[in-house]
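Fold and contact review
The primary structure of each chain is shown beneath.
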Amino acid sequence: MAEPMIATGGGPVALRTSPLAHLGERMRAAAVTGARGVTLTEWPFITMVNLRVDPAAEAADRIEKTLGTRLPRRCGQTTASGPHTIVWLGPDEWLVLSQSDETAVTAVTAVTDETAVAAVAAVAALAAALREALGGDPGSVVDVSANRTTLELSGPAARQVLEKGCPLDLHPRAFGPGQAVSTTVGPVAVLLRQVDDVPTYRLLPRSSFADYLARWLIDAMSEYRGVEVP
C-alpha cells in the first residue's frame with residue numbers, strides 16, 4: 001500500500017485528496033431540507049485498522065485495555081471508547097475506527113500539511129499500540145485506512161433513501177444506533193453503521209467504488225425535493 005504524500009521541510013510534496021473530493025459540490029447541492037430532508041457528506045481519512053485475534057486469548061484482554069473497551073462479540077455489535085469505535089467483522093476479526101479532533105476532516109478536497117501529518121501519525125500510533133498489545137500471540141494488526149472512505153447519510157428521509165437499494169430491514173425494530181453490518185447498497189458492498197436516531201448512517205465502501213455509490217445516493221435523494229405523493 002502506498003504511503004500518503006506529506007509535507008517536507010522544503011514545502012508540501014502533495015496534498016492528500018479524498019476519493020470523493022471531485023463530488024463535494026454535487027453532494028452539497030443534493031442536500032434536501034425540511035420534513036423529508038437528507039444530506040450526504042464524505043468523512044475522509046478516518047483511521048481504520050483491521051484487527052484479528054482469538055477473543056479468548058490473553059492478547060485480546062491486552063488489546064481491550066489499549067482501546068479502553070471490549071471487543072464486540074456478535075454480528076452487528078459495536079463498542080466505543082473515546083475516539084475509537086470497534087466494529088465486529090467476524091468471530092476473530094474487527095475493524096477499529098478512530099477519529100480524533102485532529103484528524104476529523106469533513107467534505108474537503110484536500111488537507112493542510114499539518115492535518116496530513118497528524119492523520120498519518122494517528123494511524124501509526126494506533127497500529128503500533130495494537131501491535132504491542134498483540135505481542136507474540138497469533139493474530140494481525142493491519143492499517144487499512146486507504147482501503148475505504150466514509151459517506152454519511154443523515155436526515156428524516158435517510159432510511160427511505162437507503163431502502164431503495166439495501167436488502168436489510170432498517171426499521172428501528174431491527175436496526176438502530178450502535179449497530180453495524182456488512183451489506184450492499186445498490187450493487188456496492190459496504191459496511192453500514194447507524195450512528196444516531198436522526199437517523200444518521202455511515203457507509204464504508206471500498207475507495208474504488210465510492211464514486212459510483214455517491215452518485216447512486218445523490219440520484220436516490222433527488223425525489224425528496226418534491227412534494228410527497230399520498
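Here is what the cut-offs are and how they apply
- Residues numbered from 1 in each chain as written.
- Predicted model: local features only at pLDDT ≥ 70, side-chain atom pairs only at ≥ 80, totals over all residues.
- Heavy atoms only, no water.
- Phe/Tyr/Trp six-rings, centres within 6.5 Å; stacked < 30°, edge-to-face > 60°.
- Lys NZ or Arg CZ within 6 Å of the ring centre and 35° of its normal.
- Helix = DSSP H or I, 4+ residues; strand = E, 2+ residues; numbered from the N terminus.
- Buried < 20%, exposed > 50% of the residue type's maximum accessible area, 1.4 Å probe, protein only.
- Contact = heavy atoms within 4.5 Å.
- Pairing = 2+ DSSP bridges.
- Axes fitted to C-alpha atoms, helices over the stretch in contact; angles between N-to-C directions.
- Polar contact = N/O pair within 3.5 Å; in protein donor to acceptor, adjacent residues only side chain to side chain.
- Salt bridge = Lys/Arg side-chain N within 4 Å of Asp/Glu carboxyl O.

1. Examining the packing of aromatic side chains
Under the criterion given, the structure shown has zero aromatic pairs. Here Arg202 stacks its cationic end above the ring of Trp43, 4.5 Å away from the centre of that ring.

2. Some remarks on the side chain of His84
On the secondary structure map, His84 appears in strand β4 (residues 84-90). His84 gets classed as buried once you look at its relative accessible area, which sits at 15%. For His84, the residues in contact, after removing those within four places along its chain, are Leu67, Thr79, Leu97, Ser98 and Leu126.

3. Brief notes about the pairing of strand β10 (residues 200-205)
Regular strands place their side chains on alternate faces of the sheet. The buried fraction of β10 is high, at six of six residues. Both faces of β10 are covered, namely the face carrying Thr200, Arg202 and Leu204 and the face carrying Tyr201, Leu203 and Pro205. The sheet contact formed by strand β7 (residues 150-154) and β10 spans four bridges and is antiparallel. Paired with Ser154 across the two strands is Thr200, which belongs to β10. Pairing analysis gives six bridges linking strand β9 (residues 188-196) to β10, with the strands arranged antiparallel. The residue bridging Leu192 from the neighbouring strand is Leu203, located in β10.

4. Section: the sheet that holds strand β6 (residues 139-143)
Taken together, five strands build an open sheet; the order of strands is β3-β4-β5-β2-β6 and the sheet is antiparallel. The sheet is open, and its two borders are formed by β3 (78-81) and β6, each paired with just one other strand. Looking at each pair of strands side by side, their axes are set apart by 20° on average, direction ignored. In this sheet, β4 lies alongside β3 in antiparallel orientation, the contact comprising four bridges. Looking at the pairing, Ala80 lines up with Thr85 of β4.

5. Focus on the sheet that holds β9
Where strands meet in a sheet, backbone hydrogen bonds hold them as pairs that are either parallel or antiparallel. Ordered in space as β1-β7-β10-β9-β8, the five strands form an open sheet in which the pairing is antiparallel. Each of the sheet's edge strands pairs with one partner strand only, and the pair in question is β1 (39-43) and β8 (180-185). Here the average twist between neighbouring strands, direction ignored, is 30°.

6. Structural notes on the side chain of Arg202
Mapping Arg202 onto the fold places it in strand β10. At a separation of 3.2 Å, a polar atom in the side chain of Arg202 contacts the side chain of Gln99. With residues near it in sequence (within four places) discarded, Arg202 still touches Trp43, Ile46, Gln99, Thr150, Leu151, Glu152, Leu191, Leu192, Arg193 and Val195.

7. Focus on unusual backbone geometry
The peptide bond linking Val198 to Pro199 adopts the cis configuration, its omega dihedral lying at 5°. Note that Pro199 resides in the loop between β9 and β10. Backbone geometry places Phe45, a non-glycine residue, at a positive phi of 65°. With respect to the element layout, Phe45 can be found in the loop between β1 and β2 (47-53).

8. Some words on the pattern of salt bridges
Counted under the stated rule, the structure contains nine salt bridges. The residue Arg73 makes a salt bridge to Glu64 at a minimum N-O spacing of 3.1 Å. Owing to a relative accessible area of 34%, Arg73 belongs among the partly exposed residues under this scheme. The class of Glu64 is buried, set by a relative accessible area of 10%. With a shortest N-O distance of 2.9 Å, Arg215 and Asp211 are connected by a salt bridge. Separated by four residues within a single helix, Arg215 and Asp211 lie in helix α5 (residues 210-221), roughly one turn from each other.

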